[in-house]
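Spelled out from the first residue to the last, the chains are:
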Amino acid sequence: MADAAGQGQGLESLSAEERRFPPPPGLAEHANVTEATFEAAAADDVAFWAEQARRLSWETEPTQTLDWSDAPFARWFADGRLNAAYNCLDRHVEAGLGERVAFHFEGEPGDTRTITYAELTAQVCQAANALVELGVKAGDRVAIYMPMIPEAAVAMLACARIGAPHTVVFGGFSSDALATRILDCGVEVVITADGGYRKGKASALKPAVDEALERCPEVRSVLVVRRTEQETAMTEGRDVWWHDLVDRQPTEHAYEAFEAEHPLYIMYTSGSTGQPKGIFHTTGGYLTGVAYTHWATFDLKPETDVFWTAADIGWVTGHSYLVYGPLANGTTSVMYEGTPDTPHQGRWWDVVDKYGVTILYCAPTAIRTFMKWGAEIPAKADLSSLRLLGSVGEPINPEAYVWYREHIGHDRTPVVDTWWQTETGMHMISPMPGVAEGKPGAAMRAVPGVSVKVVNDEGQPVSDDAAGYLVIDRPWPAMLRGIWGDQQRYVDTYWSRFPGVYFAGDGAKLDADGDIWLLGRVDDVMNVSGHRMSTTEIESSLVSHPKVAEAAVVGASDETTGQAIVAFVILRSEAGDGGPDVVDELRRHVAKDIGAIARPRQIMVVDELPKTRSGKIMRRLLRDVAENRELGDVTTLTDSTVMDLIKGNLATTS
Ligand code: ATP
Ligand code: MG
């Protein structure tokens, strides 16, 4: 869609959002980031990042900061050497913080483990020694296919410690998705578990590995954690139990320092828009970027905060803000294994209460689910420890933002809406909680040291109050270094739409204050009778109706209007079945809110929406439904039965 976002016609119809939430005074007074931080970073971004790199412990301090001579292939801190695991672990122990809790682990069945920095360091050393015994060397790729248990983080850090890039594959993916990723990056060793707990039962993982490996003859070893104790087939000579191999290893491991540009991991994008890409990240710049943004965006006070990223490690958010960022900063984190409604819909709030969580970071899809379940559920728990809330993964609808702040954040906590991507590695746009006056639905402005622009079709910056394409016009330390095995695709995908700048693929709008609002994927922008409409805006309008919990909007081809708006909505539980006229009522609501042009041609009430592991709605599949087509690739859906449900649902309602 070449003209998708450009110039802003059609997109000016944003529903006016006027609520404002200034930072609480206590937070503003002691904020990690102030207006002066932005000024210093803007004056010299390279010097700013050189300064941030000092958060890390380098074996050889870098003397170079950025080498952009071979753009778009960046090198950051290239002559520096460091070890990522040492930075996340040993150095905190050496600083006397060995007794600080690194993870409060809460298993879905209710089992718990408290792991200190000293213990985590010892476990990672053992796992690193085990990988060495399996013949893993620096540079070898290791796949991790695990439930959300501490060994998943231990496995990642053990790989990092010996310089073996990991590729974590979400435990909910099929054997097919696992095999594709193993083959794409040439994995020889896989770390997995017998299973994990989800929705109240043990769900097996190992059989999917066995099935995947039928297609992957190069894999020579599989290390298996015992979690659920279910019957598990082990292949002689290939499979080994974690407790047999890892537990007998020494708890010390002499680490080696690697070059800053040594690969740290490969992460496949979630595949909302198509075939996943193997995004690869390196060590020094990435760690600098995530340590800084974790500290800045969340106004982190590592001595007192209890931080909870409620995201799977199989998603980039789990890498940057559950493992590397928090641990590099010596943070105490919560890790929760299961689903939010097991054994009851208040499970998350019990976790917050139990561990005294101060900062919660999750996706809008979770927030909308909680809205659907009703505010009386969180009201039963004591959430007074929370002081900051974060959102990631999709634009947060203003209504969801306000609900989150009010019912979870007792109307006091700032909400930071963080825009970033697997590719960016770190937060790129987010309110800084000590300085930003929060606007529901706006990601506000680039974080210090980052430069973004909103441009039109010609690549020219748009004026305030106009919409266009989001681009990043300066390199940043945690940026991807490419697509594994396909550097041409890297150049074509990100650096060719507008010469010299990174094209994010998202539409955005600047408001009159120059603050940024994300409008969703450029590919999702619809063209209705020549008017460009953003899916995000119409979804937000639907969600602002008291009967609606969640909405997904797609453009389906239409003979008269080019594209017509088709909406899928999930109703809030208190709305019951919505009543006979609910569809009309919602169509009128959107027309009144945004304008007649935005009125959906069709609204379908459904129970579920197709989502990726990070909770993003897969609009392309809904478009297939709306246009009566065969479904495209469904391998990255969290739950592949959802599409059958929706189709069944439509058959009975239409
Ligand atoms: P693929 O690239 O394979 O389609 P993906 O883009 O869904 O996968 P991610 O890297 O997890 O995989 O998602 C990044 C995208 O998520 C962004 O490009 C943006 O569209 C969306 N996103 C993330 N955070 C926000 C946010 N705070 N506001 C708006 N959109 C967001
Ligand atoms: Mg993407």
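Fair warning: this is a prediction, and the values are worked out from it, not measured in the lab.

**Considering the overall build of the protein**
Looking only at helices and strands, the protein has 21 helices and 30 strands in total. Overall, the protein is about 70 × 60 × 50 Å in size when its C-alpha atoms are taken along their principal axes. Counting the 654 residues in the protein, one finds 63% classified as buried. In the protein, the share of contacts with a sequence separation of at least 24, taken over all contacts with a separation of at least 6, comes to 72%. As presented, the protein carries roughly 23,100 Å² of accessible surface, and 48% of it is formed by carbon and sulfur atoms. For the protein, the centre of its 58 positive side-chain charges and the centre of its 92 negative side-chain charges are spaced 2 Å apart.

**Quick look at the packing of helix α8 (residues 175-185) against helix α9 (residues 206-213)**
Here α8 crosses α9 at 50°, and the two axes come no closer than 8 Å. By the angle between their directions, the pair α8 and α9 is classed as oblique. Between α8 and α9 lies a crossing whose hand is right-handed. Contact residues: α8 offers Ser-175, Leu-178, Ala-179 and Ile-182, while α9 offers Ala-208, Val-209, Glu-211, Ala-212 and Leu-213. By residue class, the composition of the contact of α8 with α9 is seven nonpolar, one polar and one charged.

**Brief notes about the UniProt feature "domain: AMP-binding enzyme C-terminal" (unreviewed entry) in the protein**
The sites that carry the UniProt feature "domain: AMP-binding enzyme C-terminal" (unreviewed entry) are, in the present numbering, residues 537-616. Helix makes up 24% of residues 537-616 and strand makes up 31%, while its end C-alpha atoms are separated by 16 Å.

**Focus: helix α20 (residues 619-626)**
Judged by how many residues are buried, α20 sits mostly within the fold: seven of eight residues are covered. Turning to α20, its buried residues number three or more, namely Arg-619, Arg-620, Leu-621, Leu-622, Asp-624, Val-625 and Ala-626. At the C-terminal side of α20, Asn-628 shows a positive phi close to 60°.

**Notes on the sheet that holds strand β19 (residues 388-392)**
Spatially, β5-β4-β17-β16-β18-β19-β20 is the arrangement adopted by the seven strands of the open sheet, whose pairing is mixed. In this open sheet, the two strands that pair with only one neighbour each are β5 (112-116) and β20 (415-418). Between one strand and the next, the sheet's axes are offset by a mean angle of 20°, whatever the strand orientation. Of the strand pairs in this sheet, β19 and β20 are connected by four bridges, and their pairing is parallel.

**Thoughts on the site of ligand 1**
Surveying the vicinity of ligand 1 reveals 21 residues, the closest of which are Thr-269, Ser-270, Ser-272, Thr-273 and Thr-422. Contact between ligand 1 and Trp-315: an oxygen atom at 3.2 Å from a side-chain N or O atom of the residue. Contacts to ligand 1 include Gln-421, whose side-chain N or O atom sits 2.9 Å from an oxygen atom. Of all elements in the fold, only β20 and β25 (516-521) reach the threshold of two or more residues within the shell around ligand 1.

**A closer look at the nonpolar core**
Counting 142 residues, the largest nonpolar core has Leu-120 and Tyr-324 as the members making the most contacts within it. Among the elements that make up this core, the one with the highest residue count is helix α7 (residues 150-162) (10 residues). Those residues within four positions of Leu-120 in sequence are excluded, and the remaining contacts are Leu-89, Ala-102, Phe-103, Ile-115, Val-154, Leu-157 and Leu-327. The next biggest cluster of nonpolar side chains, apart from the first, holds 51 residues, and it includes Phe-21, Tyr-336, Cys-362 and Ile-408.

**Thoughts on the UniProt feature "domain: AMP-dependent synthetase/ligase" (unreviewed entry) in the protein**
Mapped onto the present numbering, the UniProt feature "domain: AMP-dependent synthetase/ligase" (unreviewed entry) falls on residues 97-484. In residues 97-484, the share of helix is 30% and the share of strand is 22%. The end C-alpha atoms are 37 Å apart.

**Quick notes on the side chain of Thr-342**
Tracing the chain through its elements places Thr-342 in the loop between β17 (332-336) and α13 (347-355). At 2.7 Å, the side chain of Thr-342 and the side chain of Thr-339 are in polar contact. Discounting chain neighbours no more than four positions away, the residues touching Thr-342 are Glu-108, Lys-199, Gly-200, Tyr-336 and Arg-347.

**As for the packing of α7 against helix α12 (residues 316-328)**
Closest axis-to-axis distance for the α7/α12 pair is 11 Å, and the angle between their directions is 60°. On the basis of the axis angle, α7 is oblique to α12. Of the two elements, α7 crosses α12, and the hand of that crossing is right-handed. Residues Ala-153, Met-156, Leu-157 and Ala-160 of α7 touch α12, and the partners they reach there are His-319, Val-323, Tyr-324 and Leu-327.

**Some thoughts on the pattern of salt bridges**
For the structure on display, the rule yields 38 salt bridges. The partner of Lys-354 in a salt bridge is Glu-106, and the shortest N-O contact between them spans 2.9 Å. Taken together, the residues span a long stretch of sequence, with Lys-354 in helix α13 and Glu-106 in strand β4 (residues 101-106) at a distance of 248 residues. A relative accessible area of 5% means that Glu-106 is categorised as buried. Between Glu-188 and Arg-220 there is a salt bridge, with the nearest N and O atoms lying 2.5 Å from each other. Taken together, the residues span a long stretch of sequence, with Glu-188 in the loop between α8 and β8 (189-193) and Arg-220 in the loop between α9 and β11 (221-225) at a distance of 32 residues. Each member of the salt-bridge network shares a partner with another, and the members are Arg-368, Glu-394, Asp-524, Glu-539, Glu-550, Lys-611, Arg-619 and Arg-623.

So, how was this worked out
Residues numbered from 1 in each chain as written. Chains lettered and ligands numbered in written order. Predicted model: local features only at pLDDT ≥ 70, side-chain atom pairs only at ≥ 80, totals over all residues. Heavy atoms only, no water. Helix = DSSP H or I, 4+ residues; strand = E, 2+ residues; numbered from the N terminus. Buried < 20%, exposed > 50% of the residue type's maximum accessible area, 1.4 Å probe, protein only. Contact = heavy atoms within 4.5 Å. Areas by Shrake-Rupley, 256 points an atom, 1.4 Å probe, with all protein chains shown as cover. Lys, Arg positive; Asp, Glu negative; His and termini not counted. Charge placed at Lys NZ, Arg CZ, Asp CG, Glu CD. Axes fitted to C-alpha atoms, helices over the stretch in contact; angles between N-to-C directions. Parallel < 35°, antiparallel > 145°, perpendicular 65-115°, else oblique. Left-handed = near helix turned anticlockwise from the far one by under 90°. Nonpolar A, V, L, I, M, F, W, Y, C, P; charged D, E, K, R; others polar. UniProt positions renumbered as here; feature names shortened; annotations may be inferred. Pairing = 2+ DSSP bridges. Near = heavy atom within 4 Å. Polar contact = N/O pair within 3.5 Å; in protein donor to acceptor, adjacent residues only side chain to side chain. Core = buried A, V, L, I, M, F, W, Y, C linked by side-chain atoms within 4.5 Å. Salt bridge = Lys/Arg side-chain N within 4 Å of Asp/Glu carboxyl O.

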